[in-house]
Each structure stands twice: as C-alpha cells, then as structure tokens.
Amino acid sequence: MDKLRSMEIFVAVVDAGNFTAAAARFSISPVMVGKHIAQLEATLGARLLTRTTRRQSLTEIGAQYADQCRAILAQIAAAESGAEAMRSVPRGRLRVTAPFSFGSEWLAPAITDYLRLHPDVSVDLSLNDRMVDLVEEGFDAAIRVGALDDSSMIARPLFSYGMSICASPAYLKQRGTPQTPDDLAQHECLDFMVGAVGVRWRLQSLQGKRELPASRMRTNSGQALRMAALKDFGIVMQAEVLLAQDIAAGRLVPILTDYLPTPRAMHLVYPRDRRATPKLTTFIDFIVERFGPAARLPLASSA
C-alpha cells in the first residue's frame, strides 16, 4: 500500500473519530480503511488505535504518530503548492548560455528587459564560444550559431549571424580603403584566435573563397579586436552584432560588403520538455520576439 495514502487515511480516522467517515472521504470501504491502519501498525510494530464496540481512541504512540503525519503531509502539500505556483507564474532561476559577442552586446541588455517584466525570475548568463551540453551542465537554454547537430533539442530560429568588415575613418583616411580582398595584403588585418590557432579570413568572391596572409595582431577576444580597430590600428572582421552600434555611430566604416562570408544560422535551443515551466516558456517567447528572423533587417539597416 502507498504509505503516504495510509498516513492520510490514518489522520482522517483520527480527525473524524471513526472508520466510516474516513472511508467516505476517500471513497473506499471501512474495511479498506482498516487495512491501511493495520499496514501502518505492522510497519511501526505498535498499535496506533484502541477500538471497542462503542469508541476508538489513540494510543500514546498513535497520538505522537498522528502529529508527525500531519507535519509530513503539510510539508508535502506546501511543496506541491510551490511547484504548482512555479508552473503557473514565471518564477525561479534560469541558466542560459550564449556566444560572447551576441551575449554581451545584445542578449544581456535584452535579459534586463525580460527581468523587469518578470520580477520573480532570476537569470544566470554564461558567455562562451564552446558547444555547451545543456542537459549535462544544467542549462535551460542556449543561443547557438551555425549548423545544429543535436536533434534532441528544440530549436527556434533567430536572425542570421552575419559578419562585418570594418575600419575606423581615421585608419581609412591614412591607409586608403580596400576595394577588393587582394588589397588587404597592404593593410593591418586583425585576426581572431581559437586556442593558439588563428582563424583566417575567408572572403567570398566571384572566384570563390579568399584567404588572407597572417596578421600581426591576433587575439581570442572579438571585443579586443574591436577596440584595436577603434584605436585606428587596422581592419577587423567580426560579427555584425558586435560592430553594429559602432557602425551606426560612425566610429567604424563597413568595407568589402560584397565579399563577406555567408551569414550563419542562429537558434535558441532548449531541451525537449513537454511540461516546461512558465519562466522558460516566457523567456523563449521573449527572445524569439526580440531576435526572431524578422529582427535581422533592423540590425542591418542600423549599420
């Protein structure tokens, strides 16, 4: 028998004063009530009730056990109530991961807007460019750029993740504006690194892909490359989400727009969970509305 149900029935017998009333409450027979009580007594090795033809009374152990059962059942009810509240109103902590550039420039400000809408929700945002195992590492959702290999996740499309090639007005005034990828051989090109390996620029042209000579400055931080470009040192190729605000403000000037790499897909992914909590479903809806495929044009036009 279900021990919790037996405890509920025992407390009902104590409160009602007889088996019949308790049986009616649980839509079972008085005989079944007796079996539940007998099961508890067998487990405890002690009598809980003393019954005569006229009345029943609690034993000393029975009275103490009844109080403990009430406390346990109250804690269970509170836990169930709290869980139900979390499923009806957005509340609790969300763990989200995203690439550095998009996460720092666009997702983090958006999350502050989401948190203002949902004051009972907290968000832990982890920024890194590696592929995170959401289930293994306990994340609720992730922003991923590029092809998706994990079919166990639900993926919601966001705007495409495009690149921009830029330099400061002062740099271009001093060194000239490249017109083709071949012209970049005469310029300072700022390279991104993964580990100890530089990520070479691969530019689209009518003849296919172009690869540039090695750079004098390499770093694993797109933000650092952006700052070097803003200091008039060279030409940067980074995600447009990182450079868009500088372009809009005139601090950086886009160049070689006809040779940019093909934009990559970007998705919001999360584990399949048919009983997703309101904190996750509201976050998903918010992010898709803010950064869905239609949001690609406003970003591009601001540049």
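Heads up: these notes are all about the structure in this document.

Cut-offs and rules
The numbers attached to residues start from 1 for each chain and follow its sequence in the written order. Whole-chain, interface and lining totals are the exception, using all residues; otherwise, since this is a predicted model, local features are given only for residues with pLDDT of at least 70 and side-chain atom pairs are given and counted only at 80 or more. For the side-chain quantities, the full set of heavy atoms in the structure was used; hydrogens and water were omitted. Only DSSP runs of H or I with at least four residues qualify as helices, and only runs of E with at least two residues qualify as strands; both kinds are numbered from the N terminus onward. Each residue is placed in one exposure class: buried if its accessible area under a 1.4 Å probe, protein chains only, is under 20% of its type's maximum, exposed if it is over 50%, and partly exposed if it falls in between. Residue contacts follow a heavy-atom distance rule, with two residues in contact if any of their heavy atoms lie within 4.5 Å. Each accessible area is a Shrake-Rupley estimate made with a 1.4 Å probe; only the visible protein chains count as cover when residues are assessed. Here, expected helix span is obtained from the residue count minus one, scaled by 1.5 Å. The directions considered for the arc are those from the helix axis to the C-beta atoms. When charges are counted, Lys and Arg contribute as positive and Asp and Glu as negative, whereas His and the chain ends are disregarded. Basic side-chain nitrogens of Lys or Arg form a salt bridge, by our definition, when they fall within 4 Å of a carboxyl oxygen of Asp or Glu.

Regarding its fold elements, the protein chain presents 11 helices and 15 strands. A total of 303 residues make up the protein chain; the buried ones form 41% of that total. Within the protein chain, residue pairs in contact and separated by at least 24 positions form 72% of the contacts whose partners lie at least 6 positions apart. With an accessible surface of roughly 16700 Å², the protein chain has 52% of that area assigned to carbon and sulfur atoms.

Below, the discussion takes up helix α3 (residues 30-44). Compared with an ideal rise of 1.5 Å per residue, which puts 15 residues at 21 Å, α3 spans 21 Å between its outermost C-alpha atoms and is within 8% of the ideal. Among the residues of α3, those classed as buried are Val-33, His-36, Ile-37, Leu-40 and Glu-41. Along the axis of α3, the buried positions cluster into a sector of 135°, meaning they face one direction only. Exposed and facing more than 90 degrees away from the buried side of α3 are Val-31 and Ala-42. Phi turns positive, to about 70°, at Gly-45, one or two residues after α3.

Let's shift gears to the side chain of Glu-41. You can see Glu-41 is positioned in helix α3. No salt bridge forms around the buried Glu-41; measuring N to O, its nearest opposite-charge neighbour Arg-47 is 4.4 Å away. Not counting residues within four places of it along the chain, the set of residues in contact with Glu-41 comprises Ala-46, Arg-47, Leu-48 and Leu-49.

So, on to the pattern of salt bridges. For the structure on display, the rule yields 10 salt bridges. Between Asp-67 and Arg-70 there is a salt bridge, and its shortest N-O distance comes to 3.5 Å. Taken together, the residues Asp-67 and Arg-70, both in helix α4 (residues 60-88) and 3 residues apart, mark about one turn of the helix. For Asp-67, a relative accessible area of 52% translates into the label exposed. For Asp-124, the salt bridge goes to Arg-93, with nearest N and O atoms at 2.8 Å.

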